[in-house]
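# Summary of structural features
The residues making up each chain are set out below.
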Amino acid sequence: MPDLRSDESPVGSLLVLLLHGPNLNLLGEREPHVYGTTTLADHVATARACAASLGLELEDHQSNHEGELIDLVHGARGRCAAIVINPGAFTHSSWALHDALAAFEGPVVEVHLSNPDAREPWRRTSVVAPVATGSISGFGGIGYELALRAVAARVAPT
Ligand code: DQA
């Protein structure tokens, strides 16, 4: 069993990879009526504080490139305790991301700020959901906090 604790993290904290997919770098400016006015940096800062309160350490990345996200998922294998991912529009199309997440051994939580099921029909299919431990949609940034609480419940030593 790999040691999932980060070398740089305080003793006892578990490393969680927070990934954001395409166009999420534009949060705050992009379709604020759908995604709100909070920037990605602010979402990540709130998530980091939440993680710390749960005894988790957060490593975060955003990419507009499918292959880069896949490489980041591969890099989490044997190193991170869990992945929290908002895959953006790759949610609906990327079987390659699906396969990468399937190869990750820990819990995977899919997060969406909006509720894709209540939007256009093409958003109603998630190819990530079948390999996620669970999915949280429609609660805005609180979704990241809910996801981290779910991760803590799964991975924290009892
Ligand atoms: C999203 C929902 C996706 O359908 C969309 O392509 C996004 C954002 C969300 O967080 O609500 O880019 O993942």
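These figures come from a predicted structure and were not determined experimentally. Starting from 1, residues in each chain are numbered consecutively following that chain's sequence as written. Two thresholds apply to this predicted model, a pLDDT of at least 70 for residue-level local features and 80 or more for giving and counting side-chain atom pairs, whereas whole-chain, interface and lining totals are computed over all residues. The side-chain numbers reported here are obtained from all heavy atoms of the structure, hydrogens and water having been left aside.

## Points about the environment of Pro116
In DSSP terms, a helix is any run of H or I states spanning at least four residues, a strand is any run of E spanning at least two, and both are numbered starting from the N terminus. Mapped onto the secondary structure, Pro116 falls in the loop between strand S4 (108-112) and strand S5 (134-137). C-alpha of Pro116 to C-alpha of Ser137: the two residues are 21 residues apart in sequence and 7.3 Å apart in space. Apart from the residues within four sequence positions on either side, Pro116 is in contact with His92, Arg123, Arg124 and Ser137. In this description, contact between two residues means that some pair of their heavy atoms is separated by no more than 4.5 Å.

## Considerations on helix H5 (residues 142-155)
Multiplying 1.5 Å by the residue count of a helix minus one yields the expected span of that helix. Compared with an ideal rise of 1.5 Å per residue, which puts 14 residues at 20 Å, H5 spans 20 Å between its outermost C-alpha atoms and is within 8% of the ideal. Residues of H5 that are buried: Gly143, Tyr144, Ala147, Leu148, Val151 and Ala152. Where H5 is buried, its residues contact strand S1 (14-20), helix H2 (40-53), strand S2 (56-62), strand S3 (82-86), S4 and S5. Working definition: with a 1.4 Å probe on protein chains only, accessible area under 20% of the residue-type maximum means buried, over 50% means exposed, and in between means partly exposed.

## Focus: the packing of helix H3 (residues 66-76) against helix H4 (residues 95-102)
One can describe the packing of H3 onto H4 by two numbers: an axis separation of 9 Å at closest approach and a directional angle of 5 degrees. The angle between H3 and H4 places the two elements in the roughly parallel class. Here Glu66, Leu69, Ile70, Val73 and His74 of H3 come into contact with H4, specifically with Ala96, Leu97, Ala100 and Leu101. Gly counts as polar in this scheme, as do all residues outside two lists: the nonpolar Ala, Val, Leu, Ile, Met, Phe, Trp, Tyr, Cys and Pro, and the charged Asp, Glu, Lys and Arg. Split by residue class, the contact of H3 with H4 holds seven nonpolar, one polar and one charged. Each axis is a line fitted through C-alpha atoms, taken for helices only over the stretch in contact, and angles between the N-to-C directions span 0 to 180 degrees. Under this scheme an angle from 65 to 115 degrees is roughly perpendicular, one under 35 degrees roughly parallel, and one over 145 degrees roughly antiparallel; angles in between are oblique.

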